[in-house]
Amino acid sequence: MALVIDDVSVIYPAANGRPPVEALSKIDLTIGPGDFVVALGASGCGKSTLLNLIAGFLAPSSGSLTLDGSPIDGPGADRSVVFQKHALLPWLNVLDNVAFGLKLQGISQQNRKAIAEKFIGLLGLSGFEQSPVYALSGGMQQRVGIARALTCEPKVLLMDEPLGALDALTREKAQELILKIWDDTRKSMFFITHSVEEALFMGTHLVVMSPRPGRIAHRFDLPFSRRYLAGETARALKASPDFIRIREEVLSIIFADEEAA
Ligand SMILES: Nc1ncnc2c1ncn2[C@@H]1O[C@H](COP(=O)(O)OP(=O)(O)OP(=O)(O)O)[C@@H](O)[C@H]1O
Ligand SMILES: [Mg+2]
């Protein structure tokens, strides 16, 4: 699995009297097999634009995106998206929400149920299959969204601030759950966040983006998610000198950007 973004720029055309926006400029990024790539950066630096390109919702103004050598020219089952707001269907229960994409693909009811139950179990939602999603907590709803995104067995899971709406404790638990799922399923991940701590804890690769035009300003390789999966605790990792050093480095990059803006 290799997703290759080569010299990609996006210019949103002028509209309603507003000038054109150079949302992304000359982005080069490769997401390899099992990579957990995190994009971090101030509001407006083009993170969602980059995710929408990978998802195939948007075409680049120049440059190319390929997945295993084939151009990305629209959405496909090899990439699925988890949004900040869960985007579930409130009139359906957990099972039917998770199985919804499979239904659209024409998979038989029996197979849908078996596949959906597997991912409901993986996300710790067993016992809630028949619950209406509006009756669940925000953290559980987000887990339903992740289970649904996994049912099509994507090569890459794309997540746009999936934990941004959760309270601090639920968010930390969800970070750990996503890492376990990443480890179990061996998917590649592209994950957007505003939280420096979350980015450092979860990613194997971090891109720090800068605005106007949106670009990748810094890149880091990170060890912490693999160390977590090897048995270190999240709290110990986040309090370790290595973690704090790189956190301060990333924060100073972000603050320098803010001051230049
Ligand atoms: N459809 C659009 N038309 C015109 N401009 C757009 C459009 N979508 C985004 N933009 C602009 O492009 C820039 C990048 O937007 P984008 O949503 O990718 O940023 P972001 O990093 O995801 O921000 P946030 O952290 O607030 O979600 C911003 O200046 C935004 O206003
Ligand atoms: Mg965004």
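## Regarding the pairing of strand β9 (residues 205-210)
The buried fraction of β9 is high, at 5 of 6 residues. Two elements, strand β3 (residues 36-41) and β9, share 5 bridges in a ladder whose sense is parallel. Residue pairing across strands places Leu40 opposite Val208, the latter belonging to β9. Across 6 bridges, the pairing between β9 and strand β10 (residues 215-221) is antiparallel.

## Details of the site of ligand 1
With respect to spatial proximity, 13 residues lie near ligand 1, and among them Ser43, Gly44, Lys47, Ser48 and Thr49 are the closest. Taking Gly46, its main chain carries an N or O atom lying 3.0 Å from an oxygen atom of ligand 1. Burial of ligand 1 by the surrounding chains reaches 61%, relative to a free accessible area of 640 Å². Secondary structure elements with two or more residues in the shell around ligand 1: β2 (21-31) and α1 (47-55). Among the elements that make up the shell around ligand 1, the one with the highest residue count is α1 (3 residues).

## A closer look at the pairing of strand β4 (residues 62-67)
Look at any regular strand and the pattern is simple: side chains alternate between the two faces of the sheet. Of the strand pairs in this sheet, strand β1 (residues 3-12) and β4 are connected by 5 bridges, and their pairing is antiparallel. Across the sheet, the residue bridging to Ile5 is Leu65, located in β4. One ladder, built from 2 bridges, connects β4 with strand β5 (residues 70-71); its direction is antiparallel. Paired with Leu67 across the bridge in β5 is Ser70.

## Side note on the environment of Ala42
Within the fold, Ala42 resides in the loop between β3 and α1. Between the C-alpha atoms of Ala42 and His194, which are 152 residues apart in sequence, the distance is 7.2 Å. If sequence neighbours within four positions are ignored, Ala42 has contacts with Lys47, His194, Met209 and Glu258.

## What to know about the domain arrangement of the protein chain
Considered domain by domain, the protein chain is made up of domain 1 (20-78 + 154-261) and domain 2 (88-153). Here the C-alpha centre of domain 2 lies 25 Å away from the C-alpha centre of domain 1. Listed as interface residues are 13 residues of domain 1 and, on the opposing side, 11 residues of domain 2. Between the two partners, domain 1 and domain 2, sit 1 salt bridge. Ionic pairing is found between Glu153 and Lys187, a salt bridge with its closest N-O pair at 2.8 Å. The tally of links from domain 1 across to domain 2 stands at 2 residue pairs in polar contact (both at pLDDT 80 or more). Looking at which element gives the most residues to the side of domain 1 that touches domain 2, the answer is helix α6 (residues 168-185), with 6 residues. Taken together, the residues of the side of domain 1 that touches domain 2 sort by class into 8 nonpolar, 2 polar and 3 charged.

## Notes on helix α10 (residues 241-260)
Here α10 is 20 residues long and its end C-alpha atoms lie 29 Å apart, about the 28 Å a rise of 1.5 Å per residue gives. Within α10 the residues assigned to the buried category are Phe243, Ile246, Val250, Ile253 and Ile254. In a view along the axis of α10, the buried residues occupy a sector of 100°, so they form one face of it. Exposed residues pointing more than 90 degrees away from the buried face of α10 are listed as Pro241, Arg245, Phe255 and Glu259.

## Considerations on the packing of aromatic side chains
Scanning the entire structure with this criterion turns up 4 aromatic pairs. Between Phe36 and Phe191, the ring centres sit 5.7 Å apart and the planes meet at 50°, which makes this aromatic pair tilted. Remark: Phe191 occurs in strand β8 (residues 188-193) and Phe36 occurs in strand β3; sequence separation between them is 155 residues. Classification of Phe36 by relative accessible area gives buried; the value is 0%. Look at Phe224 and Phe243: their rings are 4.9 Å apart centre to centre, the planes differ by 70°, and that puts the pair in the edge-to-face class. With a gap of 19 residues between them, Phe224 in helix α8 (residues 224-229) and Phe243 in helix α10 connect regions that are remote in the sequence. Under the relative-accessibility criterion, Phe224 is labelled buried at 2%. Each residue in the set Phe36, Trp182 and Phe191 is aromatic and connected to the rest through ring pairs, giving one cluster.

Quick notes on the rules
- Residues numbered from 1 in each chain as written.
- Chains lettered and ligands numbered in written order.
- Predicted model: local features only at pLDDT ≥ 70, side-chain atom pairs only at ≥ 80, totals over all residues.
- Heavy atoms only, no water.
- Buried < 20%, exposed > 50% of the residue type's maximum accessible area, 1.4 Å probe, protein only.
- Helix = DSSP H or I, 4+ residues; strand = E, 2+ residues; numbered from the N terminus.
- Pairing = 2+ DSSP bridges.
- Near = heavy atom within 4 Å.
- Polar contact = N/O pair within 3.5 Å; in protein donor to acceptor, adjacent residues only side chain to side chain.
- Areas by Shrake-Rupley, 256 points an atom, 1.4 Å probe, with all protein chains shown as cover.
- Contact = heavy atoms within 4.5 Å.
- Domains from an automatic or database assignment.
- Salt bridge = Lys/Arg side-chain N within 4 Å of Asp/Glu carboxyl O.
- Nonpolar A, V, L, I, M, F, W, Y, C, P; charged D, E, K, R; others polar.
- Expected span 1.5 Å × (residues − 1).
- Arc of directions from axis to C-beta.
- Phe/Tyr/Trp six-rings, centres within 6.5 Å; stacked < 30°, edge-to-face > 60°.

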